[in-house]
Amino acid sequence: MNGGPTMPGIINRIKQYASSPQGRRTIAQGRRAASDPRKRSQAKQLLGRLRGGRRQY
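Keep in mind that what you see is a predicted model, and the values were worked out from it rather than measured.

Chemist: Lay out the overall build of the chain with the relevant residues and their values.
Modeler: Summing up its helical and strand segments, the chain has 3 helices and 0 strands in all. Sequence-ordered secondary structure for the chain, helices as α and strands as β, is α-α-α. Across the 57 residues that make up the chain, the buried fraction comes to 2%. Accessible surface computed for the chain: about 5700 Å², of which carbon and sulfur atoms make up 56%.

Set out below in structure tokens:
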């Protein structure tokens, strides 16, 4: 099974959400957070922990 018929359904649902008012708000929040250096650093640390990277205390 290589993706099957569910993948287009998921993609369409994501597209619908992204074009909805709530989706646009979420995208705007993400862009604001990405432009903030402190938030970007926090996200980088979180991703490192999730991937099993070195712990930084």
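Having seen the structure, we can now continue with the description.
Chemist: Got a sec to walk through helix α3 (residues 37-50)? Specific residues and values, please.
Modeler: A rise of 1.5 Å per residue sets the reference length of α3, with its 14 residues, at 20 Å; its end C-alpha atoms lie 20 Å apart and thus fit the reference within 8%. Looking one or two places after α3, you find Gly 52, whose phi comes out positive at around 90°.

Chemist: Before we move on, could you go through a nonpolar patch on the surface and cite the residues and values that matter?
Modeler: Taken together, the side chains of Met 7, Ile 10, Ile 11 and Ile 14 present a nonpolar region at the surface, about 350 Å² in accessible area. Considering the arrangement of structural elements, one finds Ile 10 in helix α1 (residues 6-19). On the accessibility criterion, Ile 10 (42% relative accessible area) is partly exposed.

Chemist: An account of the confidence of the model for the chain is requested, with residue identities and associated values reported.
Modeler: Keep in mind that low pLDDT regions are not for reading the predicted coordinates in detail. Here the chain averages 84 in pLDDT, and 81% of its residues register 70 or above. When the elements of the chain are averaged for pLDDT, α3 gives the smallest value, 89, and helix α2 (residues 21-35) the largest, 93.

Chemist: Give me the packing of α2 against α3: which residues, what numbers.
Modeler: Interaxial distance between α2 and α3 falls to 5 Å at its minimum, and their mutual angle equals 95°. Here α2 is positioned roughly perpendicular relative to α3, judged by the angle of their axes. The segment α2 lies against α3, with Ala 33, Ala 34 and Ser 35 engaging Pro 37, Lys 39 and Arg 40. By residue class, the composition of the contact of α2 with α3 is 3 nonpolar, 1 polar and 2 charged.

Chemist: Break down the environment of Ser 35 for me, with residues and values.
Modeler: Along the chain, Ser 35 turns up in helix α2. One polar contact links the side chain of Ser 35 to the main-chain carbonyl oxygen of Arg 32, over a distance of 2.8 Å.

What counts as what
- Residues numbered from 1 in each chain as written.
- Predicted model: local features only at pLDDT ≥ 70, side-chain atom pairs only at ≥ 80, totals over all residues.
- Heavy atoms only, no water.
- Helix = DSSP H or I, 4+ residues; strand = E, 2+ residues; numbered from the N terminus.
- Buried < 20%, exposed > 50% of the residue type's maximum accessible area, 1.4 Å probe, protein only.
- Areas by Shrake-Rupley, 256 points an atom, 1.4 Å probe, with all protein chains shown as cover.
- Expected span 1.5 Å × (residues − 1).
- Patch = residues over 30% accessible without salt bridge, like charges linked within 9 Å, V, L, I, M, F, W, Y side chains within 5 Å.
- Salt bridge = Lys/Arg side-chain N within 4 Å of Asp/Glu carboxyl O.
- pLDDT = per-residue confidence, 0-100.
- Axes fitted to C-alpha atoms, helices over the stretch in contact; angles between N-to-C directions.
- Parallel < 35°, antiparallel > 145°, perpendicular 65-115°, else oblique.
- Contact = heavy atoms within 4.5 Å.
- Nonpolar A, V, L, I, M, F, W, Y, C, P; charged D, E, K, R; others polar.
- Polar contact = N/O pair within 3.5 Å; in protein donor to acceptor, adjacent residues only side chain to side chain.

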